[in-house]
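Take a look at the letters that make up each chain.
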Amino acid sequence: MKPKMICKIILDLVMTILLLLLMAKQITGASAHEWLGAGMFVLWIVHHILNFRWHRQWFKGRMTPFRILQAAVNFLLLIAMLGTMVSAVILSREVFAFLPITGGIALARPMHIFCAFWGFTLMALHLGMHWSMILGMARKAAGGEASPKMQKLLRILGGAAAVYGVYAFLKNRIWSYLFLTSSFVYFDFEQPVVLFFLEYLGMMASFVFLAHYGTRKLKG
């Protein structure tokens, strides 16, 4: 495997871990949340630099339904990331406290929640749209195809994780943040930390599952 591809895989893995940590502000604390967010934005920029070739080739070839959907998800993710960062700078009490910014907090707070949860959703969809490529790299690293029984088991586990993610999505009322019917993120401090991350991993699995199998239909 080429060094650049290894860097991309490591970068994407680190970004996924950071994404989960960023959804756990009440666990990490406000200070760590700010620094993790700043690091996430830097890695997001590096991600686009490493994938510049993809951007350069975007207008080449036929615009299939899959490519249109992929562009829409990527564009919305760009907006969500920029909105999250701008609102984070306004709300910052440590990392960007040196900037002479006054006011705007009343708007920045709901904007941050709205963009952060849409960013989480869109990043999971983005990951799902590239899941076939990820599976291909995993097969290559493992030295070949898994046995039919193992493939079936992995599909069952993936489906179970997706179903659990739907349950977690409903339980945590994530739609209220996506459509901004709630400007306060509820956190159950009695819930075990492990369970919190399992629920968010499950929600990611749901969106990955939806994007992966949905786009397979578009590709025909």
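Located above this text is the structure these notes cover.
Note that the structure is a prediction, hence the values are computed from the model and not measured. (Residues numbered from 1 in each chain as written. Predicted model: local features only at pLDDT ≥ 70, side-chain atom pairs only at ≥ 80, totals over all residues. Heavy atoms only, no water.)

> Help me understand the packing of helix H1 (residues 3-22) against helix H3 (residues 30-50), please; the structure alone is not making it clear to me.
Relative orientation and spacing of two packed helices are given, respectively, by the angle between their axes and the distance between those axes. Here H1 crosses H3 at 150°, and the two axes come no closer than 10 Å. When the interaxial angle is binned, H1 and H3 end up roughly antiparallel. The handedness of the crossing between H1 and H3 is left-handed. Taken together, the residues of H3 that come into contact with H1 (itself represented by Lys4, Lys8, Leu11, Asp12, Val14, Met15, Leu18, Leu19, Leu21 and Leu22) are His33, Leu36, Gly37, Gly39, Met40, Leu43, Trp44, Val46, His47 and Leu50. (Axes fitted to C-alpha atoms, helices over the stretch in contact; angles between N-to-C directions. Helix = DSSP H or I, 4+ residues; strand = E, 2+ residues; numbered from the N terminus. Parallel < 35°, antiparallel > 145°, perpendicular 65-115°, else oblique. Left-handed = near helix turned anticlockwise from the far one by under 90°. Contact = heavy atoms within 4.5 Å.)

> So what exactly am I meant to see when it comes to a positive patch on the surface here?
A contiguous patch of positive charge on the surface is contributed by Lys2, Lys4, Arg53 and Lys140. Position of Arg53 relative to the elements: it lies in helix H4 (residues 52-56). On the basis of relative accessible area, Arg53 is assigned to the exposed category, the value being 56%. (Patch = residues over 30% accessible without salt bridge, like charges linked within 9 Å, V, L, I, M, F, W, Y side chains within 5 Å. Areas by Shrake-Rupley, 256 points an atom, 1.4 Å probe, with all protein chains shown as cover. Salt bridge = Lys/Arg side-chain N within 4 Å of Asp/Glu carboxyl O. Lys, Arg positive; Asp, Glu negative; His and termini not counted. Charge placed at Lys NZ, Arg CZ, Asp CG, Glu CD. Buried < 20%, exposed > 50% of the residue type's maximum accessible area, 1.4 Å probe, protein only.)

> Even after reading the chapter, I still don't get the packing of helix H8 (residues 148-171) against helix H10 (residues 193-219), so can you show me in this structure?
Two elements in contact, H8 and H10, have axes separated by 6 Å at closest approach and are oriented at 115°. The two elements H8 and H10 meet at a crossing, and its hand is left-handed. Along its contact with H8, which presents Arg155, Gly158, Gly159, Ala161, Ala162, Tyr164, Gly165, Val166, Ala168, Phe169 and Lys171, the element H10 presents Leu195, Leu198, Glu199, Gly202, Met203, Ala205, Ser206, Phe207, Phe209 and Tyr213. Partitioned by chemical class, the residues of the contact of H8 with H10 number 13 nonpolar, five polar and three charged. (Nonpolar A, V, L, I, M, F, W, Y, C, P; charged D, E, K, R; others polar.)

> Please explain the pattern of salt bridges as it appears in this structure.
Any two side chains of opposite charge can pair, so long as their charged atoms come close to each other. Under the counting rule described, the total for this entry stands at one salt bridge. A salt bridge links Lys171 to Glu199, with the nearest nitrogen and oxygen atoms 2.6 Å apart. Highlighted residues: Lys171 in helix H8 and Glu199 in helix H10, separated in sequence by 28 residues. You can call Glu199 buried: its relative accessible area is 1%.

> What am I meant to see in the environment of Ile113 here?
Structurally, Ile113 is set in helix H6 (residues 105-129). By relative accessible area, Ile113 is classed as buried at 11%. Along the sequence, Ile113 and Ser182 sit 69 residues apart, while their C-alpha atoms lie 9.2 Å from each other.

> Explain the packing of aromatic side chains here, please?
Describing an aromatic ring pair means giving the distance of the ring centres and the angle of the ring planes. This model, assessed by the stated rule, comprises eleven aromatic pairs. A ring pair is formed by Trp118 and Phe179, whose centres lie 6.2 Å apart and whose planes are at 85°; its orientation type is edge-to-face. Note that Trp118 is positioned in helix H6 and Phe179 in the loop between helix H9 (175-178) and H10, a separation of 61 residues in sequence. By relative accessible area, which is 27% here, Trp118 ends up partly exposed. By relative accessible area, which is 56% here, Phe179 ends up exposed. Their ring planes at 70° and their centres at 4.8 Å tell us that Phe187 and Phe189 sit as a pair that is edge-to-face. Taking the relative accessible area as the measure of exposure, Phe187 reaches 13% and is therefore buried. Grouping aromatic residues by their ring pairs yields a cluster made of Phe120, Phe187, Phe189, Phe196, Phe197 and Tyr200. (Phe/Tyr/Trp six-rings, centres within 6.5 Å; stacked < 30°, edge-to-face > 60°.)

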